[in-house]
Structure formats: C-alpha cells, structure tokens
Amino acid sequence: MPEQSDQLQIPRHVAIVMDGNGRWARQRGRPRTFGHKVGSSKVHDIVEESKELGIEVLTLFAFSSENWKRPKSEVTFLMDLMIQMLKKEIRKLEEKGVQVRFIGQRELLPEKLLKVIRDSEARTRNNNALILQIAASYGGQWDITQAARSLAGKVARGELLPEQIDEQTFAAELAFSDLPDADLFIRTGGELRISNFMLWQAAYAEFYFTDVLWPDFTVDEYHNALRHFSKRQRRFGQTGEQVSG
C-alpha cells in the first residue's frame, strides 16, 4: 500500500497487457511455459493491491484473438493454466468480494475452461469490492465487429433506424458496456503498442509502457504506473486551462 504522501489519483479502471513471460523465461534458459507459470503468480498481488487501493475495475489481457496462432502446445498450456488459476484462487476471490468476469469469444474456448468460467462468474456475481475482468480470446477488432453486427441486426428487424446510431448506442453493444472505459492502460515487456486490446474503450486512457517483464512486475512497479497516472492532466478534448481553471 503506497504512503499517503504519494497522493495517488486512483483510476476507476486499470487495463493491463501482461507481456514478457516468454522472454523472461528465455533469459533464464527455460521454456516459455515456465514464464507463463511464474507470470500467473503475479496476478494475485496486482488483484489484491487493486482492491486495497479502491480501483473499481481491473482488466487483464490474458489471451488475445491472435494468440490462437501460437504453437498448439503453448495454447493448451495457457488454457490449462487459466483453469488451474481459477480453481486455486476462486475461493479467496469470493471471500474478498471480487467479482470475476470474462470477455471475449467464448465459443472458441475449450469446454473444460468454460465450465470453470461459468462457475467463477456465478459464485462471485454479487461481489462489488473489485471487478476482475479477464480478457480471453479477446480482440478489440472483434469487439467492434460484433457490436456492428448486433446493430445491423436491429436495423434489419426494424428496431433501430440508421440515423439513431451514435457513439452511445454503439458503445452499448460492446463488451462490458456497463462498466467505465479504461482510465489507465499499462503494458509491460517494453513493447510500445496496444496489440488490439480495447480499441474503443481505451480512447481516452492514459498509457504507461514499461520495460519490466511481467514476471518481474511487482506492486512497487504498479505504484510507479499509478504515480505517472496521477501526474497526467486528463483534458478529454478541452484545453489545459479549462481543466485546471
């Protein structure tokens, strides 16, 4: 927990691309799967700290739409790792008031993982200390496409006129439309791209890129990102004078 003197401005919604597991493992002469396993252990600390700080939503990019292109053995390992993590942590999450949600193309996920996902969501549905949102088989382009398809269907059925479609009606069809957009977008691992994550919902997010690989991302590193966020002036199209004045 940071000192009060830090005077952190706490974002409502933090989104994290947990990158660098494979490179972390290779640096140690170990297989990529070892990096994923060590990286998964960091999730507990970041979830716990987010809850303590009063962050409302934490979204973790666990598996992207493009990650299906990886070797089958690695994909299988990642699916099994998610199952293991959920089974291991769900009781603690339930007790601590954390609500678990999954976003993404569920139809592509294996049934054994879907079963654990449904159980986790059901057990934590009424919790409100923190919403932990896990993006699995998720991509921002897919999210926008499925929203457009939904709206096109409403127009075809006569439920909606094309001229009634605006930013608000479109956003209502996106994943997690009932939650605030991302305020702080963190990417570990040194890459300077968003990799098809939250293309719409991160439109006004503050970005924080760090060279730290995910298995080395500590609570202190998390505080560094929050301190950077606290120094940003969020103008949302206004001038600095308008915001500060």
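Remember, predicted model here, so these are calculated numbers, not experimental data. (Residues numbered from 1 in each chain as written. Predicted model: local features only at pLDDT ≥ 70, side-chain atom pairs only at ≥ 80, totals over all residues. Heavy atoms only, no water.)

Draft legend 1. Representation of the side chain of Gln 133 within the structure. Within the secondary structure, Gln 133 sits in strand 4 (residues 130–138). Within the structure, the side chain of Gln 133 is placed 2.9 Å from the side chain of Thr 59, a separation counted as a polar contact. Leave out the neighbours within four places in its chain, and Gln 133 touches His 13, Val 57, Leu 58, Thr 59, Leu 60, Arg 101, Ile 103, Phe 176 and Leu 179. (Helix = DSSP H or I, 4+ residues; strand = E, 2+ residues; numbered from the N terminus. Polar contact = N/O pair within 3.5 Å; in protein donor to acceptor, adjacent residues only side chain to side chain. Contact = heavy atoms within 4.5 Å.)

Draft legend 2. A look at unusual backbone geometry. Residues other than glycine seldom take positive phi values, yet Ser 137 does so here, at roughly 60°. Phi is positive for Ser 195, which is not a glycine, with a value near 50°. Judged by its relative accessible area of 29%, Ser 195 is partly exposed. (Buried < 20%, exposed > 50% of the residue type's maximum accessible area, 1.4 Å probe, protein only.)

Draft legend 3. Structural context of the environment of Ser 230. With respect to the element layout, Ser 230 can be found in helix 7 (residues 219–231). On a C-alpha basis, the gap between Ser 230 and Pro 31 in space is 37 Å, while along the polypeptide they are 199 residues apart. In this structure the side chain of Ser 230 is engaged in a polar contact, spanning 2.8 Å, whose partner is the backbone oxygen of Leu 226.

Draft legend 4. Geometry of the packing of aromatic side chains. Counting across every chain of the model gives 12 aromatic pairs. Arranged with centres 4.8 Å apart and planes meeting at 40°, the rings of Phe 185 and Phe 207 form a pair that is tilted. Of this pair, Phe 185 sits in strand 5 (residues 184–187) while Phe 207 sits in strand 6 (residues 206–209); the two residues are 22 residues apart in sequence, bridging distant segments of the chain. According to the relative accessible area criterion, Phe 185 is buried, its value standing at 0%. For the ring pair Phe 207 and Phe 209, a centre distance of 6.0 Å and an interplane angle of 15° mean the geometry is stacked. Of the residues examined, Phe 209 reaches a relative accessible area of 32% and is grouped as partly exposed. (Phe/Tyr/Trp six-rings, centres within 6.5 Å; stacked < 30°, edge-to-face > 60°.)

Draft legend 5. Region of interest: the nonpolar core. Counting residues in hydrophobic clusters, the biggest one holds 42 residues, and the most contacted among them are Ile 16, Leu 58, Ile 186 and Tyr 222. For this core, the element with the most residues is helix 3 (residues 72–95), which contributes 8 residues. Contact partners of Ile 186, with chain neighbours within four places excluded, come to Val 14, Ala 15, Ile 16, Val 17, Tyr 208, Phe 217, Tyr 222 and Ala 225. With 17 residues, the next largest nonpolar core counts Val 57, Ile 103, Phe 176 and Ala 205 among its residues. (Core = buried A, V, L, I, M, F, W, Y, C linked by side-chain atoms within 4.5 Å.)

Draft legend 6. A look at the sheet that holds strand 1 (residues 13–17). Pairing in this open sheet of 6 strands is parallel, and the strands run 3-4-2-1-5-6 from one edge to the other. Edge positions in the sheet fall to strand 3 (98–103) and strand 6, since each of these pairs with one other strand and no more. Averaged over all neighbouring strand pairs, the angle between strand axes comes to 20°, with direction disregarded. Across 5 bridges, strand 1 lies against strand 2 (residues 57–64) in parallel orientation. For Ile 16, the partnering residue across the bridge sits in strand 2 and is Leu 60. Across the face of the sheet, helix 7 comes into contact with strand 1, strand 2, strand 5 and strand 6 while running at roughly 140° to strand 5. (Pairing = 2+ DSSP bridges. Axes fitted to C-alpha atoms, helices over the stretch in contact; angles between N-to-C directions.)

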